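Structural features, examined
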Amino acid sequence: MMHTTVGWHVEMEFTEDDQHTRAAAMVRLPDGSEVRAHGHASWHRTDANQPRVGEEIAGARALNELAMRLLTKAHEEIDQASGRTSHPIHV
């Protein structure tokens, strides 16, 4: 039996200002479709200046949203292929 290996590359982009970090995540699937998601983090004026922490939080939130969008996409494809409503996919 032959096994096919597929790889996905997730792209992350960050923007920051004095109080916010925003992350945009995108994955391009083998069929050419793209799934995108966003995350954010805020810091209080008394917080230490740690941009990397803001990126980690905003990035994690974007990846979490990306995961949920992928689950929704898969769920919809299962429903389309089967012609019925399937059970929700839980994380």
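These figures come from a predicted structure and were not determined experimentally. (Residues numbered from 1 in each chain as written. Predicted model: local features only at pLDDT ≥ 70, side-chain atom pairs only at ≥ 80, totals over all residues. Heavy atoms only, no water.)

With that settled, the discussion passes to the pairing of strand E3 (residues 34-42). Only one face of E3 is buried: it carries Val35, Ala37, Gly39 and Ala41, and the other face, with Glu34, Arg36, His38, His40 and Ser42, is open. Strand direction decides the pairing type here: strand E2 (residues 20-28) and E3, joined by 9 bridges, are antiparallel. What sits directly across from Arg28, in E3, is Glu34. Hairpin connection from E2 to E3: 5 residues lie between these consecutive antiparallel strands, with Gly32 at a positive phi of about 95°. (Buried < 20%, exposed > 50% of the residue type's maximum accessible area, 1.4 Å probe, protein only. Helix = DSSP H or I, 4+ residues; strand = E, 2+ residues; numbered from the N terminus. Pairing = 2+ DSSP bridges.)

Looking now at the sheet that holds E3. One open sheet accounts for 3 strands, arranged E1-E2-E3; its pairing is antiparallel. Here the strands that pair on one side only, and so sit at the sheet edges, are strand E1 (10-16) and E3. If you compare each strand with its neighbour and ignore which way they point, the axes differ by 15° on average. Contacts from helix H1 (residues 51-82) reach E1, E2 and E3, with the element oriented near 145° to E3. (Axes fitted to C-alpha atoms, helices over the stretch in contact; angles between N-to-C directions. Contact = heavy atoms within 4.5 Å.)

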